[in-house]
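Coordinate analysis (summary)
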Amino acid sequence: MATFEVMNVLFAGDASNMHYCLVQKLREKGHHAVVASGGSGWMNTGRDIDLRRSPGKIGTIGYVAKLLTNLHKMRGFDVVELASPIFFQLKPWRLQHIFDYLKKHNGKIVLSALGTDYVYYNACFDGHTYRYSDYMIGEEFSPYVGSNEYKAQLQDNWKADFMKAYSDHVLANIDGVVACLWEYYAAYAPIMGDKVVHAGIPIDVDTLTPHYIEEEPDKVRFFIGIQRDRTVIKGTDRMMKALESVHEQMPDLCEIERVENLPYAEYIQRMNRSHVLLDQLYSYTPATNALLAMAQGMVAVSGAEPEYYELIGETENHPIVNVCPTPEGDIEEKLQWIIANKAKLPELSKLSRTFVEKHNAAGVVADRYLKFWESL
C-alpha cells in the first residue's frame, strides 16, 4: 500500500458526489479534507461548508453573502481541488476574484476536469478529438445542439470572449489537472501535457453491497434514471425510446423501471432492484451512474470505447455493453443481444463489480490524486 505525507485539502465545488466521496476516503487515510459545495443541486450530496443556492435575486444575494462569510474557512490548505473552472455558482468575472483569493491563500491549485467547460466544449467541435460527443456526431450537430436543453443551459456562453478570458486565466494559474473521464483527459492533454493525469471517478465500493445476478432471470429488468433537464445531452431520450421499442417486441422477456430526479440515497436503493442499467449514449467512458450500478452487481449499458480501455490499461475484463449514437438502431440491437444472452448476466454481474473494485474504488482513486499532488 502506498504511503503519502499527511495533506490538508480543500475541494471547492462538487459534481455527482465525486469530491465528497474522495473527502471521506482521504479522511480514512489520515488526511484532513473538506468540501465546500451546494450539494450537486437536487442530489443533495454531502458537504462540510454548505453553499447551497436558492433561486431568484434574493437567493443570489444570500448565496454571495454565504460564500463571503465562509471564505476564511478556505485558507491554509496544501491543495485546493476545483470542481471545474466554474467551481462555484458565480459569473466568471466574479468567480475570478474567488479563484485569485484561493490562489493567494493556499498552496497548489488543481483542477478536476469532470464536466463541460471551455476546454472540453471546444474539443467537441475541433473535428479530431472525438468521433462523437454531446455536441457533434461525426460532422453533424448532435440532437442536443439547438434543443431547448441547450438553450436553457446557455451553452452558447462557452463561445463567449469572457469565458475564454476566464478559462485562460485559470489555466495559466493552476498547477495541474486531474481528469475523471477519458473525454476530459483527451481535451486537456494537448494543452497541459504532463500536468494532466487521468484518475477516474471514485466509487465507495465498501458502502455498496453487491446484489449479484445469481441465475438467469426469466425477465430482464432494465433500469433507467431520467434527469429532466439532461435527457437530450445524455441521450436518455433515445435510449428510453429504444428500450420501449424492445419492450413492445419482447414484453414477456423484459421489463422497465424508470425513475426521475431522485435524491442520491433513494436512487441507489431503487437501482439495485434491477439487472441492467441504461446510462449515457454519447460517452466513451462509464460515468458515475454506470459505475455505481456495476459496483452493485448490475450490468451497465453505456460508453466503453477502446480508447477508454487503453487509457486504463484493461485488456481482459470488458463487462460494459457499449452503445454508440451511430449507426441508427445500435441501442436496440445491444438491448436485444442482452435479452437473447441473458444467461450471461450472472457472469457479467460479477465481472462488473470486479471492474469497479480494480479501477474505481474510492481508495484507489484517492491514491492517484495523492500521488499527483505530491508530484507537483
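A quick note: this is a predicted structure, and the numbers were derived from the prediction, not measured.

**Some words on the environment of Thr231**
You can see Thr231 is positioned in helix H8 (residues 231-234). The sequence separation of Thr231 and Tyr267 amounts to 36 residues, and the corresponding C-alpha distance is 17 Å. Dropping the residues within four chain positions of it, Thr231 is found in contact with Glu149, Ile226, Thr236 and Asp237.

**Describing helix H7 (residues 182-192)**
Of the positions making up H7, those classed as buried are Trp182, Glu183, Tyr184, Ala186, Ala187, Tyr188 and Met192. Lining the buried residues of H7 we find strand S5 (108-113), helix H4 (118-125), helix H6 (161-173), strand S8 (176-179), strand S9 (196-198) and helix H12 (306-312). One or two positions beyond H7, positive phi appears at Gly193, with a value near 60°.

**Describing the sheet that holds strand S11 (residues 254-260)**
The strand order across the open sheet formed by five strands is S11-S10-S12-S13-S14, and the pairing between neighbours is parallel. The sheet terminates laterally at S11 and strand S14 (321-322), the two strands that pair on one side only. Sheet topology note: the strand S10 (residues 220-226)/S11 ladder contains seven bridges and is parallel. By the bridge assignment for S11, Phe223 is matched with Glu257. Against the sheet, helix H11 (residues 288-295) engages strand S12 (276-278) and strand S13 (299-302), with an angle of about 175° to S12. Docked against the sheet, helix H13 (residues 330-340) engages S10, S11, S12, S13 and S14, running at close to 145° with respect to S10.

**Overview of the sheet that holds strand S2 (residues 32-37)**
The strands making up a sheet are joined through hydrogen bonds of the backbone, oriented either antiparallel or parallel. With parallel pairing, seven strands are arranged side by side in an open sheet as S3-S2-S1-S4-S5-S8-S9. At either margin of the open sheet sits one strand with a lone partner, and together these are strand S3 (49-50) and S9. Docked against the sheet, helix H15 (residues 362-375) engages strand S1 (8-12), strand S4 (79-83), S5, S8 and S9, running at close to 165° with respect to S8.

**Things to note about the environment of Tyr101**
By the secondary structure assignment, Tyr101 is in helix H3 (residues 92-105). For the pair Tyr101 and Arg75, spaced 26 residues apart in sequence, the C-alpha separation works out to 8.8 Å. Ignoring sequence-local partners within four residues, the contact set of Tyr101 consists of Leu71, His72 and Arg75.

**Some thoughts on the packing of helix H14 (residues 345-359) against H15**
H15 packs onto H14 with a crossing angle of 25° between their chain directions and a minimal axis gap of 6 Å. When the axes of H14 and H15 are compared, the pair comes out roughly parallel. On H15, the residues that touch Glu357, Lys358 and His359 of H14 are Val364, Val365 and Arg368. Its residues assigned to classes, the contact of H14 with H15 shows two nonpolar, one polar and three charged.

**As for the nonpolar core**
Among the nonpolar cores identified, the biggest contains 132 residues, and Met74, Phe87, Phe88, Phe222, Leu335 and Trp373 are the most heavily contacted of them. Those residues in contact with Phe88 that lie beyond four places of it in its chain are Ala12, Gly13, Ala36, Leu51, Tyr63, Leu67, Met74, Leu95 and Ile98.

**Points about the pattern of salt bridges**
Going through the model one piece at a time under the given rule, you end up with 21 salt bridges. With a closest N to O distance of 3.1 Å, Lys29 and Asp367 form a salt bridge. Taken as a pair, Lys29 in the loop between helix H1 (18-28) and S2 and Asp367 in helix H15 lie far apart in primary sequence, 338 residues in all. Lys29 sits in the partly exposed class, given a relative accessible area of 32%.

**Thoughts on helix H2 (residues 56-70)**
Given a rise of 1.5 Å per residue, 15 residues ought to cover 21 Å, and the 21 Å separating the end C-alpha atoms of H2 matches this to within 8%. Inspection of H2 places Gly59, Tyr63, Leu67 and Asn70 among the buried residues, and these make up the whole buried set. Projected onto a plane normal to the axis of H2, the buried residues spread over an arc of 75° and lie on a single side. With respect to the buried face of H2, the exposed residues turned more than 90 degrees away are Lys57, Ile58, Ile61, Leu68 and Thr69. Considering only its buried residues, H2 is in contact with S3 and H3.

**A short note on the side chain of Thr285**
Within the secondary structure, Thr285 sits in the loop between S12 and H11. Overall, the relative accessible area of 2% leaves Thr285 in the buried class. One polar contact links Thr285 to Glu183, side chain to side chain, over a distance of 2.7 Å. Discounting residues that sit within four places of it in the chain, Thr285 has contacts with Leu181, Trp182, Glu183, Ser302, Gly303, Ala304 and Tyr308.

**Observations regarding unusual backbone geometry**
Residue Pro327 is bonded to the preceding Thr326 through a cis peptide linkage, with omega at 0°. With respect to the element layout, Pro327 can be found in the loop between S14 and H13. Residues other than glycine seldom take positive phi values, yet Ser84 does so here, at roughly 75°. Take Ser84: it is sitting in the loop between S4 and H3. You will see that Leu154, though not glycine, has its phi angle at about 50°, which is positive. Checked against the element boundaries, Leu154 lands in the loop between helix H5 (148-152) and H6. Looking at Leu154, the relative accessible area reads 48%, which means it is partly exposed.

The rules behind the values
- Residues numbered from 1 in each chain as written.
- Predicted model: local features only at pLDDT ≥ 70, side-chain atom pairs only at ≥ 80, totals over all residues.
- Heavy atoms only, no water.
- Helix = DSSP H or I, 4+ residues; strand = E, 2+ residues; numbered from the N terminus.
- Contact = heavy atoms within 4.5 Å.
- Buried < 20%, exposed > 50% of the residue type's maximum accessible area, 1.4 Å probe, protein only.
- Pairing = 2+ DSSP bridges.
- Axes fitted to C-alpha atoms, helices over the stretch in contact; angles between N-to-C directions.
- Parallel < 35°, antiparallel > 145°, perpendicular 65-115°, else oblique.
- Nonpolar A, V, L, I, M, F, W, Y, C, P; charged D, E, K, R; others polar.
- Core = buried A, V, L, I, M, F, W, Y, C linked by side-chain atoms within 4.5 Å.
- Salt bridge = Lys/Arg side-chain N within 4 Å of Asp/Glu carboxyl O.
- Expected span 1.5 Å × (residues − 1).
- Arc of directions from axis to C-beta.
- Polar contact = N/O pair within 3.5 Å; in protein donor to acceptor, adjacent residues only side chain to side chain.

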